[in-house]
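Notes for the structure review
Next come the chains, spelled out residue by residue.
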Amino acid sequence: MSESPPEGDADERQAHTVRLELVDEPGELLNALRPIAENGGNLLSVFHERGSLTPRGRIPVEVDLECTPRQFETVVEALREAGVNVIQAGTERYGEEVTVLLAGALVGTDLSDTLSRIEECTSASVVDFSLTDEQGADGVSSARLRLAATEGSVNAALDCVRDVADEKELHVVEPLVEGEA
Amino acid sequence: MKLAVMGAGAVGRSVVELADEYGHDVTAFADSTGAAVDADGIDAEAALEHKERVGSVGEADAAAALGADYDCLVEATPTTLGDAHPGFEHVEAALERDRHVVLANKGPVAERYDDVMALADAGAGEVRFEATVGGAIPVIATIEGMDPSHVTAARGVLNGTANFVLSRMAAEGLGYEHVLAEAQDLGVAEADPTFDVDGTDAALKCAILANVLHGGGYSLDDVDVQGIRDVPSSALELAAEDGRTVRLIGEVTADGDVRVGPRLVTEHDTLAVTGTQNIVQLETTNAGRLNISGRGAGGPETASAVLADVGRLPER
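Residues numbered from 1 in each chain as written. Chains lettered and ligands numbered in written order. Predicted model: local features only at pLDDT ≥ 70, side-chain atom pairs only at ≥ 80, totals over all residues. Heavy atoms only, no water.

1. So, the domain arrangement of chain B
All names here are of chain B. Splitting chain B by domain gives domain 1 (2–136 + 299–312) and domain 2 (140–295). For domain 1 and domain 2, the distance between their C-alpha centres works out to 27 Å. Listed as interface residues are 18 residues of domain 1 and, on the opposing side, 21 residues of domain 2. Buried surface at the junction of domain 1 and domain 2, summed over both partners, amounts to about 1600 Å²; 64% is from carbon and sulfur atoms. Between the two partners, domain 1 and domain 2, sit three salt bridges. Linking domain 1 with domain 2 are nine residue pairs in polar contact (both at pLDDT 80 or more), by the criterion used here. Those elements that provide at least two residues to the side of domain 1 that touches domain 2 are α4 (107–111), α5 (113–122) and α12 (299–312). For the side of domain 1 that touches domain 2, the element with the most residues is α4, which contributes three residues. Per-class residue counts for the side of domain 1 that touches domain 2 are seven nonpolar, four polar and seven charged. (Domains from an automatic or database assignment. Contact = heavy atoms within 4.5 Å. Buried area = accessible area lost by both parts, 1.4 Å probe. Salt bridge = Lys/Arg side-chain N within 4 Å of Asp/Glu carboxyl O. Polar contact = N/O pair within 3.5 Å; in protein donor to acceptor, adjacent residues only side chain to side chain. Helix = DSSP H or I, 4+ residues; strand = E, 2+ residues; numbered from the N terminus. Nonpolar A, V, L, I, M, F, W, Y, C, P; charged D, E, K, R; others polar.)

Encoded structure:
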């Protein structure tokens, strides 16, 4: 490992994806997730493709996590030390990911239309979505969207979310995209 | 240095009370209806007692303070928008007399920065305004120390009231109205919290930062402003489930864009300060990222920034 500091700010948390191969045995998934949590990684999602097998007859698992670049190195090392087969580690597969919040009359303004229009107008795809129940008589609810965008198209994706939200009078809480040095 | 203090709110009072500790004399002290003027130094206690009793700091005409014998005018009247009246006229009067000016009032440097700087350039007086951004935090002095050409962007939490409301809503799962009422009871929010919760106060501070970083030309109109009223507690819950939270962030980008709005940050982000704390993050060309946090409001806190500015002025 080189001694020079990594590109960008070493303290900046960003989304990373690791693809793992697990043996189909009880406790294997937990065994794979523990090194991530123990080394400061914040688990975002786990995609466990139980139905399909890798060429080596194992189960592919894709884990999205958030941590600093330095923590990520430690996480990958710890996974390998724990005997977990790491097939791919890095941020390159998804390019960039951003999370946004939407608030307002989400249901009353056709939520599925909102989502499909966000996906249509950019190269972004909605990889995760959570919605709260409507609150009170005004029909206000909130949603959290995680968008995966290709490298360099995060701003275009956010512009699109803003436009769709403006039109439907929804409020957007955008992520703070830092590091414009 | 001899100080003329305009404005007898929390900041003006604290400047008058603390001036002696910093080696300065207050020779004039005025509020909107009266003034105390004494070339040998006013009696601070008597002036404040007069205000308590009569409603103004002294029997002299408020305008008399502007013509008094002083080296530096401290402008601490309430921030006003647009023409920044009457703060701007106070600044103008001092600079035309070749006196220095230290501002706690955001109006003149947020709304009429270029006019203020033109006046300063035309005379011998200098203008400083540390107290206008981030209260006690030495934001402007830090930028000045790095030189604005080496600071590419600035962002931060610049309004304690909005930050208190958002961090309480997130921590307790309470609604906006409930937390706002609580903040008002605690004296953290004013009876009319519009300026804070609609983002105007943070936007003025960002306009000032943009003026410093990009050499002027900015006013409130150039800031894209969104407040926190429309952030429901359900949105904060969703953010928390994902290890994130929402803060009212003001931002001046390298491209010169200025915006204030509620933004998602990770829970452990440096910018996710809690309560009334403020923080400013500077991106620099050679020094990486700098973070400075502290108390963004309060009489003695803001007065300390004013008096630090007075200390940075050249002797007249």
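2. Observations concerning the pairing of strand β7 (residues 151–157) of chain B
Residues and elements named next belong to chain B. Taking burial as the measure, the seven residues of β7 include seven buried ones, the bulk of the element. Here β7 pairs with strand β11 (residues 277–284) via six bridges, running antiparallel. Among the inter-strand pairings, Gly-156 is bridged to a residue of β11, identified as Val-280. (Buried < 20%, exposed > 50% of the residue type's maximum accessible area, 1.4 Å probe, protein only. Pairing = 2+ DSSP bridges.)

3. Focus: the pattern of salt bridges
This structure, assessed with the given rule, holds 29 salt bridges over all chains. A salt bridge links Arg146(A) to Asp64(A), with the nearest nitrogen and oxygen atoms 3.4 Å apart. Taken together, the positions of Arg146(A) in strand β7 (residues 141–149) and Asp64(A) in strand β3 (residues 59–67) put the pair 82 residues apart, joining distant regions of the chain. The pair formed by Arg146(A) and Asp64(A) is uniform in burial state, with each residue classed as buried. Glu283(B) is paired through a salt bridge with Arg155(B); the nearest N and O atoms lie 2.8 Å apart. Here Glu283(B) is found in strand β11, whereas its partner Arg155(B) is found in strand β7, with 128 residues between them in sequence. By relative accessible area, which is 4% here, Glu283(B) ends up buried. Exposure remark for Arg155(B): the relative accessible area of 3% places this residue in the buried category.

4. Thoughts on the packing of helix α3 (residues 111–121) of chain A against helix α4 (residues 154–167) of chain A
Residues and elements named next belong to chain A. At a closest axis distance of 9 Å, the pairing of α3 and α4 adopts a crossing angle of 145°. Regarding α3 and α4, the two cross each other, and that crossing is right-handed. From α3, Thr-114, Arg-117, Ile-118 and Cys-121 reach across to α4, where they touch Cys-160, Val-161, Val-164 and Glu-167. Per-class residue counts for the contact of α3 with α4 are five nonpolar, one polar and two charged. (Axes fitted to C-alpha atoms, helices over the stretch in contact; angles between N-to-C directions. Left-handed = near helix turned anticlockwise from the far one by under 90°.)

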